[in-house]
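Structural features, examined
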Amino acid sequence: MSIAAKGKAAIARDGFATRLGVITATLGSAVGLGNIWKFPYLTGANGGAAFVIIYLACTLLVGLPVMISELVIGRKTRANAITAFQKLAPRQVWWLVGAAGVLSAFLILAFYTEVAAWVFAYVLKAIGGGILSTSPEVTSAAFGGLVSSPIQSLVWQWVVLAWVSIIIIAGVSKGIEAMTKRLLPLLFILLIIVGIRSLTLPGAGEGLTFLLKPDFSKVTGATVLVAMGLSFFKLSVGMGTMITYGSYFRDDQNIPGTATRVMLADLLVSMLAGIAIFPAVFAFGFQPAAGPSLLFITIPAVFSSMPLGSVFMVIFFILTAIAATGAMLSLFEVPVAYLNERLGWSRLKATLVTAIALAVIGSTAALSNSLLAEFKLFGMTMFDLLDYLTSNILLPVGGLFICIFVGWKWGFKELKQALSNEGKLENGGIVRAFFATAKIITPVLVFIVLLSGLGVI
Ligand code: TRP
C-alpha cells in the first residue's frame, strides 16, 4: 500500500484517541446490568460467597484470557468480528465464530432490553414515590405489577429500543461515550453511598457473611457453569464485541495490561453492587434467591431507609439506565455493523430492521411474566431461556473456539509479536503465561465445565 493510501485508510477507520479513552470505552461495554442486576441475582440464587469465589476464578482463568485473545485478534486485523477471522484464516470456516456472535448479540439484546425496560420504568416510579417502602410486600408488589402487565412490559421495551436506535442512527456514539465516561464515576460514588447505608442497617452483618463466607457444600456442576457464563457476560466476551473494540485500539496500547485493568474495575463495581444489596436483603427480610427481581425489590427498600432516599433513588436508576445504554450500544453495533458492511444497507435501514426484529424476539422475554408465563421450554420461561442459553452456552462455545484459534491456529510467534507491540514491550513472561492459559487451561476448563454443567458428564 502506498503511503497516501495508508494515510487514507487510517483516516477512514475510526479509532480510540487516548490510552485512557481506550480503557474507559472498553469498561463502558463491560459495566452494565451485568454488575448491578445479574451478578447480585445469580449470587443470591447460588448460595453467596462460594459462587463469588468460583466466579472470580472463572474471570481470571477464562474471561480474561478470552478478552485478551479477542482484543489482539481485533487489533491485528483491524476488522469486524467476521472479517477478522476471514483475514487471519482465509477460505476456512473460522468466520462462523464471528457469525455465531451476531446471533448471540440478538439473543442477548432480546432479554437485556427488557431488564433495561424495568430500569427505565423504575426511574418514573422512583420520581412518583410509589416504590418508597422498606416492606418486602410493598416493593415486591410494585415490581410484580410492572412485569405482569403485558402493555407496560412491551411499551417500556419499545421505549428502550427507540432510545438505543436513535443514538445509533444519529451516530452520536461519541457523545454517549463521553457522557458514559463522565457519569460512570458518579454511579460508582452512589454505589459506595448505598453500600455504606446498607452495611449500617441493623442486621446487616448476615448479608456480609452471605457474600464473603463461602459454603462449598451446595456447589454443583450447574453452579460452576453459571459462574463461568457470568464471567463471559460480564467482560462482554465470547461473541466478538471485544474483537470489534480491539480493532479500534492504538498500536502502542498494552493489551494484557488494559484487559487486566478493565477486569479489576469491573469486579469492583460488581462487589459494590453486592455490598449495596445483600446486607439489605437480610436486614429487611427479603429472599436472596428471589432471582431476576432481586435488584428491583431490595434497592428501593435501602433508599427508603435513608435521608433524601427518594432523590438518591431517582439518580441511581438514571445512572443504571445510562450504564445499561452503554452496554446495549456495544451489543447493537454488532448486527448493525454487519448488515451495514456486508449487505450494504444504510445505517438507518440496518438499525430499523435490527430494532424491529428485536421488538419481535424481545416480546417473548417481555411477556414472560404475563401472557407467556405458562409457556416453557426446557422448564424455563422465554426470558430465563434467553438469559441461560446466551451466557451459559453460546458465549462459552464462542470463547472456546476463540481460544483454540489463538492457541492452536495462530501460533506463538505471531501472537508474541502482536502482544508485545512488535517487540516494543518487554512482556515476554506475561505473553508466555497468557499463551499457555489460552492454549490449554481455558479450553479444557470451558469444555469440562460445559459438559458437567449440562449434565453430560
Ligand atoms: N457486559 C455487559 C454487562 O455486564 C453486557 C454486554 C455488553 C455483553 N456487550 C456484551 C455481554 C457482549 C456479552 C457479550 O451488562
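Residues numbered from 1 in each chain as written. Predicted model: local features only at pLDDT ≥ 70, side-chain atom pairs only at ≥ 80, totals over all residues. Heavy atoms only, no water.

**Some remarks on the overall build of the protein chain**
Assigned secondary structure in the protein chain consists of 19 helices and zero strands. For a compact globule of 457 residues, the expected C-alpha radius of gyration is about 23 Å, and the protein chain comes in at 22 Å, within 12% of that figure. Across its three principal axes, the protein chain shows a C-alpha extent of roughly 70 × 50 × 40 Å. Out of the 457 residues in the protein chain, the part that is buried amounts to 55%. Charge centroids of the protein chain, computed over 30 positive and 18 negative side chains, lie 9 Å from each other. (Helix = DSSP H or I, 4+ residues; strand = E, 2+ residues; numbered from the N terminus. Rg over C-alpha atoms; globule rule 2.2 N^0.38 Å. Buried < 20%, exposed > 50% of the residue type's maximum accessible area, 1.4 Å probe, protein only. Lys, Arg positive; Asp, Glu negative; His and termini not counted. Charge placed at Lys NZ, Arg CZ, Asp CG, Glu CD.)

**Quick look at empty space enclosed by the protein**
A full pass over the atoms with the stated rule returns three cavities of 30 Å³ or more. As a volume, the largest cavity reaches approximately 150 Å³. Every residue lining the largest cavity is counted, 19 residues in all, and those nearest its centre are Ser29, Tyr112, Phe233, Ser236 and Leu331. Secondary structure elements with two or more residues in the lining of the largest cavity: α2 (19–30), α3 (33–45), α6 (95–128), α11 (221–234) and α15 (309–342). (1 Å grid on protein atoms, 1.4 Å probe; cavity = no way out; pocket = protein on both sides within 12 Å on 5 of 7 lines; lining within 4 Å. Points joined across faces, edges and corners; volume = space filled by probe spheres on them.)

**Notes on the packing of aromatic side chains**
The final tally for this structure, using the stated rule, is 23 aromatic pairs. With 5.2 Å between their ring centres and 90° between their planes, Trp118 and Phe143 make a pair best called edge-to-face. Pair noted here: Trp118 is in helix α6 and Phe143 is in helix α7 (residues 136–147), with a separation of 25 residues, a long-range link. On the numbers, 5.2 Å between centres and 40° between planes, the contact of Phe210 with Phe278 is tilted. Highlighted residues: Phe210 in helix α10 (residues 205–212) and Phe278 in helix α13 (residues 255–284), separated in sequence by 68 residues. Judged by its relative accessible area of 16%, Phe210 is buried. The side chain of Lys349 reaches across the aromatic face of Trp345, ending 4.5 Å from its centre. (Phe/Tyr/Trp six-rings, centres within 6.5 Å; stacked < 30°, edge-to-face > 60°. Lys NZ or Arg CZ within 6 Å of the ring centre and 35° of its normal.)

**Quick look at the site of the ligand**
The immediate surroundings of the ligand are formed by 16 residues, with Ala30, Gly34, Tyr112, Phe233 and Lys234 found nearest. Here an oxygen atom of the ligand and a side-chain polar atom of Tyr112 are 2.5 Å apart. The side chain of Ser330 places a nitrogen or oxygen atom 3.3 Å from a nitrogen atom of the ligand. Relative to its unbound accessible surface of 360 Å², the ligand loses 100% to contact with the protein. Counting residues per element, the shell around the ligand draws most heavily on α15, which supplies three residues. The residue makeup of the shell around the ligand, split by class, is nine nonpolar, six polar and one charged. (Near = heavy atom within 4 Å. Polar contact = N/O pair within 3.5 Å; in protein donor to acceptor, adjacent residues only side chain to side chain. Areas by Shrake-Rupley, 256 points an atom, 1.4 Å probe, with all protein chains shown as cover. Nonpolar A, V, L, I, M, F, W, Y, C, P; charged D, E, K, R; others polar.)

**Focus: the environment of Gln287**
Tracing the chain through its elements places Gln287 in the loop between α13 and α14 (294–304). Setting aside its immediate chain neighbours within four residues, Gln287 contacts Val281 and Leu294. (Contact = heavy atoms within 4.5 Å.)

**Observations regarding the environment of Val353**
Within the secondary structure, Val353 sits in helix α16 (residues 347–366). Val353 gets classed as partly exposed once you look at its relative accessible area, which sits at 35%. Counting along the chain gives 278 residues from Val353 to Arg75, while the straight-line C-alpha distance between them is 29 Å.

**Some thoughts on a nonpolar patch on the surface**
On the surface, Leu60, Leu61, Trp408, Ile440, Ile441, Val444, Ile448, Leu454, Val456 and Ile457 cluster together into a nonpolar patch covering about 960 Å² of accessible area. At the level of secondary structure, the elements contributing two or more residues to the nonpolar patch comprise α4 (49–77) and α19 (428–453). When residues in the nonpolar patch are grouped by element, the largest group, four residues, is from α19. For Leu60, the location among the structural elements is in helix α4. (Patch = residues over 30% accessible without salt bridge, like charges linked within 9 Å, V, L, I, M, F, W, Y side chains within 5 Å. Salt bridge = Lys/Arg side-chain N within 4 Å of Asp/Glu carboxyl O.)

**A few points about the nonpolar core**
By size, the foremost hydrophobic cluster in this structure holds 149 residues, and its most contacted members are Trp37, Ile73, Phe296, Phe316, Phe317 and Phe332. It is α6 that contributes the most residues to this core, 20 residues altogether. Excluding residues that lie within four positions of it along the chain, Phe316 makes contacts with Ile36, Leu190, Leu191, Leu295, Ile299 and Phe303. (Core = buried A, V, L, I, M, F, W, Y, C linked by side-chain atoms within 4.5 Å.)

So yeah, pure geometry; function would need other evidence.
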